[in-house]
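For reference, the chains in residue letters:
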Amino acid sequence: GENVEQHPSTLSVQEGDSAVIKCTYSDSASNYFPWYKQELGKRPQLIIDIRSNVGEKKDQRIAVTLNKTAKHFSLHITETQPEDSAVYFCAARQGGGATNKLIFGTGTLLAVQP
Amino acid sequence: DSGVTQTPKHLITATGQRVTLRCSPRSGDLSVYWYQQSLDQGLQFLIQYYNGEERAKGNILERFSAQQFPDLHSELNLSSLELGDSALYFCASSVGGGAEQYFGPGTRLTVT
């Protein structure tokens, strides 16, 4: 089955710096890769996603890149702000058609120091 | 607010008991997913239903079962509860099977 590894497990940056979180997946058939942000005690919120036919996607300060050959994808946050502090999860979709099983990475705790 | 609702918000029960968690998907969404989040296991996929039918199964214990009703709401039943079942249980929904999943606020289950 699919396995998703995520690094680093914790990341501390200064406000205004960039943050990068990396994930690797094992199943070459995976074709959808979402990123979720989870604040303490809250639900995971979808912040950006990418499909396997695209190499990069950007939404304001957030971008995701995908390297299908190497089977890894990354989340890039630029000009970080204290409100970006949260746990970030990557995921890879396993399945096809109406089957939509997400396998999550272990999460990255991002702390943005003011 | 994602539009996905879950009840109850908190649940405290004893070992050996049975509980039912309820989820209402966003309006128009046909797929419902259940996830378990614990400190040592992270976010684990349990099961997916699409328009009333089971579509995918993860590491769901035999003591756990789920169903999706004709009105598309879903229930997760947990029986013979153990201390290790204490966790946050999230429901998510999506329009179809290949679309973005939106999570509900979760049910925090504590087994004592």
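Residues numbered from 1 in each chain as written. Chains lettered and ligands numbered in written order. Predicted model: local features only at pLDDT ≥ 70, side-chain atom pairs only at ≥ 80, totals over all residues. Heavy atoms only, no water.

A.B. asks: Hey, could you run me through the overall build of chain A in this one?
C.D. replies: The number of helices and strands found in chain A is zero helices and eleven strands. Reading the secondary structure of chain A in the N-to-C direction produces β-β-β-β-β-β-β-β-β-β-β. The C-alpha atoms of chain A give a radius of gyration of 14 Å, which matches the 13 Å a tight globule of 114 residues would have. Projected onto the principal axes, the alpha-carbon positions of chain A cover approximately 45 × 30 × 20 Å. Residues classed as buried in chain A amount to 46% of the 114 residues present. (Helix = DSSP H or I, 4+ residues; strand = E, 2+ residues; numbered from the N terminus. Rg over C-alpha atoms; globule rule 2.2 N^0.38 Å. Buried < 20%, exposed > 50% of the residue type's maximum accessible area, 1.4 Å probe, protein only.)

A.B. asks: Teacher, can you tell me more about the environment of Lys57 of chain A here?
C.D. replies: Residue and element names in this part refer to chain A. Along the chain, Lys57 falls in strand β6 (residues 56–59). Lys57 gets classed as partly exposed once you look at its relative accessible area, which sits at 36%. Once the C-alpha coordinates of Lys57 and Leu75 are considered, the two residues, 18 residues apart in sequence, prove to be 9.9 Å apart. Beyond its immediate chain neighbours, meaning those up to four positions away, Lys57 contacts Ile48, Asp49, Ile50, Ile62, Ala63 and Val64. A polar side-chain atom of Lys57 sits 2.8 Å from a polar atom in the side chain of Asp49. (Contact = heavy atoms within 4.5 Å. Polar contact = N/O pair within 3.5 Å; in protein donor to acceptor, adjacent residues only side chain to side chain.)

A.B. asks: Hey, could you run me through the nonpolar core in this one?
C.D. replies: If you look at soluble globular proteins, the nonpolar side chains tend to sit buried side by side. Ranked by internal contacts, the top residues of the largest apolar core, which has 24 residues, are Trp35, Phe73, Leu75 and Leu110 of chain A. Residue assignment for this core shows that the elements contributing at least two residues are β2 (10–14), β3 (19–25), β4 (32–38), β5 (45–51), β7 (62–67), β8 (72–77), β9 (86–94) and β11 (108–113) of chain A. Counting residues in each nonpolar core, the second largest holds 21 residues, with Cys23, Phe64, Ala66 and Val111 of chain B among its members. (Core = buried A, V, L, I, M, F, W, Y, C linked by side-chain atoms within 4.5 Å.)

A.B. asks: When you look at the confidence of the model for chain A in this model, what are you seeing that I'm missing?
C.D. replies: Where the model shows low pLDDT, its predicted coordinates should not be examined in detail. A residue-level look at chain A finds 100% of positions with pLDDT of 70 or above and a mean pLDDT of 94. Mean pLDDT per element in chain A: strand β10 (residues 101–104) of chain A is the minimum at 92, and β3 of chain A is the maximum at 98. (pLDDT = per-residue confidence, 0-100.)

A.B. asks: Just to check I follow, could you spell out the pattern of salt bridges for this structure?
C.D. replies: Oppositely charged side chains are able to pair whenever their charged atoms sit close together. Under the criterion given, the structure shown has eight salt bridges over all chains. Across the pair Asp49 of chain A and Lys57 of chain A runs a salt bridge, and its minimum N-O distance is 2.8 Å. The class for Asp49 of chain A is buried, based on a relative accessible area of 7%. The residue Arg63 of chain B makes a salt bridge to Asp85 of chain B at a minimum N-O spacing of 2.8 Å. In this pair, Arg63 of chain B sits in the loop between β6 (53–57) and β7 (64–68) while Asp85 of chain B sits in the loop between β8 (74–78) and β9 (87–94), placing the two residues 22 residues apart along the sequence. Each of Arg63, Glu82 and Asp85 of chain B takes part in salt bridges that share partners, so that together they form one network. (Salt bridge = Lys/Arg side-chain N within 4 Å of Asp/Glu carboxyl O.)

A.B. asks: Looking at this model, I keep getting lost on the sheet that holds β3 of chain A. Mind explaining?
C.D. replies: Residue and element names in this part refer to chain A. Reading across the sheet, the five strands line up as β1-β3-β8-β7-β6 and stay open at both edges, with antiparallel pairing between neighbours. A single partner strand is all that each edge strand has here, and the edge strands are β1 (4–7) and β6. Shown here is a sheet whose adjacent strand axes are inclined to one another by a mean of 15°, direction ignored. As paired strands, β3 and β8 are joined by six bridges and run antiparallel to one another. Counterpart to Val20 in the pairing with β8 is His76. (Pairing = 2+ DSSP bridges. Axes fitted to C-alpha atoms, helices over the stretch in contact; angles between N-to-C directions.)

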